[in-house]
Amino acid sequence: SNIQDARRAGGMTLRTGDQNVLRQVRRPQADADIDFQVYTLREAVRAMPLRYIPRDRRIMLAQHLAQLGMKSDGWTAAGAASSLAELGALKFAADVVGHIAPTDATRSEGIIALVRGLLAVGDAKGAEDQVARGLAWARAYPGRNAERALIWGLAEAYLEFGQPAGTLRLLDEWREETGFLD
């Protein structure tokens, strides 16, 4: 018996026939059991008063979340990285983001979450390093959508943390299309 069996026994559906779903994203690398565990841990991290949890327990939680984040697809890894950043486990978050396949467009979400976490703790150098890595990845990714999503997401993060110069610097990174096929 696993989480999927419990979900079925509880009457939960996967929304395959739900007309209220606006869009469905194909996630062939996703593992629903892992996704469910990551989601549950993410919700717990949001609800917990972290300052009351002993350091060794927070480390164990972060290690477990990082391990799970690396076992599914980029979407789940990005979510895990976001929660790891909230826990202050930025090394684990960086490892999880680094584990997202370069062919997975959701890598941009993981990079944004990691940079947001680095900015939250005042690590401007670490954030800039991740921005540079992220831009190099996005520019090598086919098409322009990954780059566009990354730049806009990072620009919003810099603005959120009161760094408009960082926002402007990122927006200047956007390369205008030069031709019909761009």
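Attention here is on the structure that accompanies the text. (Residues numbered from 1 in each chain as written. Predicted model: local features only at pLDDT ≥ 70, side-chain atom pairs only at ≥ 80, totals over all residues. Heavy atoms only, no water.)

### Re the pattern of salt bridges
Which entries qualify depends on this criterion: By salt bridge we mean one thing: a side-chain nitrogen of Lys or Arg within 4 Å of a carboxyl oxygen of Asp or Glu. Secondary structure elements follow DSSP: runs of H or I of four or more residues count as helices, runs of E of two or more count as strands, with numbering from the N terminus.
A complete count under the given rule lists eight salt bridges for this structure. A salt bridge links arginine 116 to glutamate 160, with the nearest nitrogen and oxygen atoms 2.9 Å apart. With a gap of 44 residues between them, arginine 116 in helix H6 (residues 107-120) and glutamate 160 in helix H8 (residues 145-160) connect regions that are remote in the sequence. Across the salt bridge formed by aspartate 129 and lysine 125, the nearest N and O atoms sit 2.9 Å from each other. Of this pair, aspartate 129 and lysine 125 both sit in helix H7 (residues 124-140), separated by four residues, roughly a single helical turn. Connected through shared salt-bridge partners, Arg139, Arg144, Glu147 and Glu173 make up one network.

### What to know about the packing of aromatic side chains
Short version of the rule: Working definition: a ring pair exists when centres of Phe, Tyr or Trp rings (six-membered ring for Trp) sit within 6.5 Å. Plane angles under 30 degrees give stacked, over 60 give edge-to-face, the rest tilted. Between buried and exposed lies partly exposed: a residue is buried under 20% and exposed over 50% of the maximum accessible area for its type, with that area taken using a 1.4 Å probe on protein chains only. Look at NZ for Lys and CZ for Arg. If either is within 6 Å of the ring centre and within 35 degrees of the ring normal, a charge sits over the ring.
Summed over all chains, the structure comprises one aromatic pair. Look at tryptophan 137 and tyrosine 141: their rings are 5.4 Å apart centre to centre, the planes differ by 50 degrees, and that puts the pair in the tilted class. Residue class for tryptophan 137 comes out buried when judged on its relative accessible area of 11%. The residue whose ring lies beneath arginine 144 is tryptophan 174, and the NZ or CZ to ring-centre distance is 4.2 Å.

### Here we look at the environment of serine 82
For the record, the criterion: Contact between two residues is taken to exist if any of their heavy atoms lie within 4.5 Å; hydrogens are not considered.
As for its position among the elements, serine 82 is in helix H4 (residues 74-87). A residue is classified by how much of its surface remains accessible, and serine 82, at 21% relative accessible area, is partly exposed. When the C-alpha atoms of serine 82 and isoleucine 112 are compared, they prove to be 8.6 Å apart, with 30 residues separating the residues in sequence. Excluding its chain neighbours within four sequence positions, the residues that come into contact with serine 82 are Arg42 and Ala113.

### Considering the nonpolar core
Rule in force here: In this text, buried Ala, Val, Leu, Ile, Met, Phe, Trp, Tyr and Cys residues form a nonpolar core when linked through side-chain atoms within 4.5 Å.
Within the largest apolar cluster, 43 residues are counted, with the highest numbers of intra-cluster contacts made by Leu84, Leu87 and Val115. Contributions of two or more residues to this core are made by helix H2 (32-47), helix H3 (55-69), H4, helix H5 (90-99), H6, H7 and H8. If you tally residues by element for this core, the top one is H8, at seven residues. Setting aside residues no more than four positions away along its own chain, leucine 87 makes contact with Val45, Leu50, Leu61, Ala62 and Leu65.

### Structural notes on the side chain of serine 83
Structurally, serine 83 can be placed in helix H4. Overall, the relative accessible area of 0% leaves serine 83 in the buried class. Discounting chain neighbours no more than four positions away, the residues touching serine 83 are Arg42, Val45 and Leu65.

### Side note on the side chain of aspartate 104
Basically, it comes down to this: Within 3.5 Å is the distance limit for a polar contact, defined as a pair of N or O atoms, with the added protein rule that one can donate a hydrogen and the other accept it, and that residues adjacent in sequence qualify only through two side-chain atoms.
Its location among the elements puts aspartate 104 in the loop between H5 and H6. Here glycine 74 takes part through its backbone nitrogen, which lies 2.9 Å from a polar atom of the side chain of aspartate 104. Setting aside chain neighbours within four positions, we find aspartate 104 in contact with Asp73, Gly74, Trp75, Trp137 and Tyr141.

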